[in-house]
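Descriptive analysis of the structure
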Amino acid sequence: MFKLFEATAINGMQLANRFVRSATWEGMAAEDGSCTPRLMEIMTKLARGGVGLIITSHAYVRKDGQAGVLQLGIYKDEFIDDLRGLTSAIHNTSSRIVLQIAHAGYFANPKLTGQMPLALSQVEGYSKSPRKEMTMEEIQDIVKAFGHAARRSKEAGFDGV
Ligand SMILES: Cc1cc2nc3c(=O)[nH]c(=O)nc-3n(C[C@H](O)[C@H](O)[C@H](O)COP(=O)(O)O)c2cc1C
């Protein structure tokens, strides 16, 4: 039990304790996926409460990878400044914050993305809903989108992705 309160490190990231807020979608980002004061407030409260590491909710790396409403996004450079505000607020405490980067793929919401979800194949999975089978090139494009998202996260001051 007491170990929970001991400092530790993950790959060089120093943590004040072993409490981790697991990635949890809050539905508090703006409609375009940008960070809002409300989202910043809840994160700051968690940090002030003493949690060692915050993992943000899943942030979509490309617009066609949005899974749900008011989900955090990391698909364009314009979001970096606001996210830097968030990481600075967290770094004023002893907490660390990493960004969960994601593309919902087959589980993207066509009502939000305006297009058919992308999938690896036409093989029926959880449902029979329509999906577009990706080409190898399209898969590589998504890999690149993750790379760009990771670079944005670094520029925004996150401790990791
Ligand atoms: C409302 C809600 C939103 C969640 N959002 C995410 C998410 O964005 N990313 C993720 O990896 N897991 C997400 N999860 C899963 C949680 O992080 C967690 O793994 C799950 O609730 C199981 O944790 P537990 O065993 O402590 O209940 C979400 C769960 C809930 C209930």
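Being a predicted model, the structure only gives us computed values, none of them experimental.

1. Some remarks on the overall build of the protein chain
From N to C terminus, the protein chain includes four helices and seven strands. Scanning the protein chain from its N terminus toward the C terminus, one meets helices and strands in the order β-β-β-α-β-α-β-α-β-β-α. What you see for the protein chain is a C-alpha radius of gyration of 17 Å, in line with the 15 Å of a compact globule of 161 residues. Classification of the 161 residues of the protein chain by burial places 40% in the buried group.

2. Side note on the packing of helix H1 (residues 37–48) against helix H2 (residues 80–91)
Relative to each other, H1 and H2 sit at 20°, their axes nearing to 9 Å. Classified by the angle between their axes, H1 and H2 sit roughly parallel to one another. Of the two possible hands of crossing, H1 and H2 adopt the one that is right-handed. Facing H1, whose interface residues are Met 40, Met 43, Thr 44 and Ala 47, H2 presents Gly 85, Leu 86, Ala 89 and Ile 90.

3. Details of the pairing of strand S5 (residues 96–102)
In terms of burial, S5 is a largely internal element, five of the seven residues being buried. Two elements, strand S4 (residues 53–60) and S5, share six bridges in a ladder whose sense is parallel. Bridging across to S5, Ile 55 finds its partner in Val 98.

4. Some points on the nonpolar core
Considering soluble globular proteins, one finds that nonpolar side chains tend to be buried as a cluster. Core analysis: the biggest nonpolar cluster contains 26 residues, and Leu 72, Ile 74, Leu 83 and Leu 86 have the highest contact counts within it. If you list the elements that add at least two residues to this core, you get H1, S4, H2, S5 and helix H4 (136–155). If you tally residues by element for this core, the top one is H2, at four residues. The residues contacting Ile 74, other than those within four sequence positions of it, are Ala 59, Tyr 60, Val 61, Phe 79, Leu 83, Leu 99, Ile 101, Ala 149, Arg 152 and Ser 153.

5. Remarks on unusual backbone geometry
A positive phi angle, close to 50°, is found at Asn 11, a residue other than glycine. If you trace the backbone, Asn 11 turns up in the loop between strand S1 (8–10) and strand S2 (13–15).

6. A few points about the sheet that holds S4
Taken in spatial order, the three strands line up as S3-S4-S5 in an open sheet, and their pairing is parallel. A strand with exactly one partner marks an edge of an open sheet, and here the two such strands are strand S3 (20–21) and S5. Bridge analysis of S3 against S4 gives two bridges, and the strand direction is parallel. Residue pairing across strands places Arg 21 opposite Ile 54, the latter belonging to S4. Seen against the sheet, H2 touches S4 and S5 and runs at an angle of roughly 145° to S5.

What counts and what doesn't
Residues numbered from 1 in each chain as written. Predicted model: local features only at pLDDT ≥ 70, side-chain atom pairs only at ≥ 80, totals over all residues. Heavy atoms only, no water. Helix = DSSP H or I, 4+ residues; strand = E, 2+ residues; numbered from the N terminus. Rg over C-alpha atoms; globule rule 2.2 N^0.38 Å. Buried < 20%, exposed > 50% of the residue type's maximum accessible area, 1.4 Å probe, protein only. Axes fitted to C-alpha atoms, helices over the stretch in contact; angles between N-to-C directions. Parallel < 35°, antiparallel > 145°, perpendicular 65-115°, else oblique. Left-handed = near helix turned anticlockwise from the far one by under 90°. Contact = heavy atoms within 4.5 Å. Pairing = 2+ DSSP bridges. Core = buried A, V, L, I, M, F, W, Y, C linked by side-chain atoms within 4.5 Å.

Interpretation note: all reported values are geometric properties and have no functional meaning in isolation.
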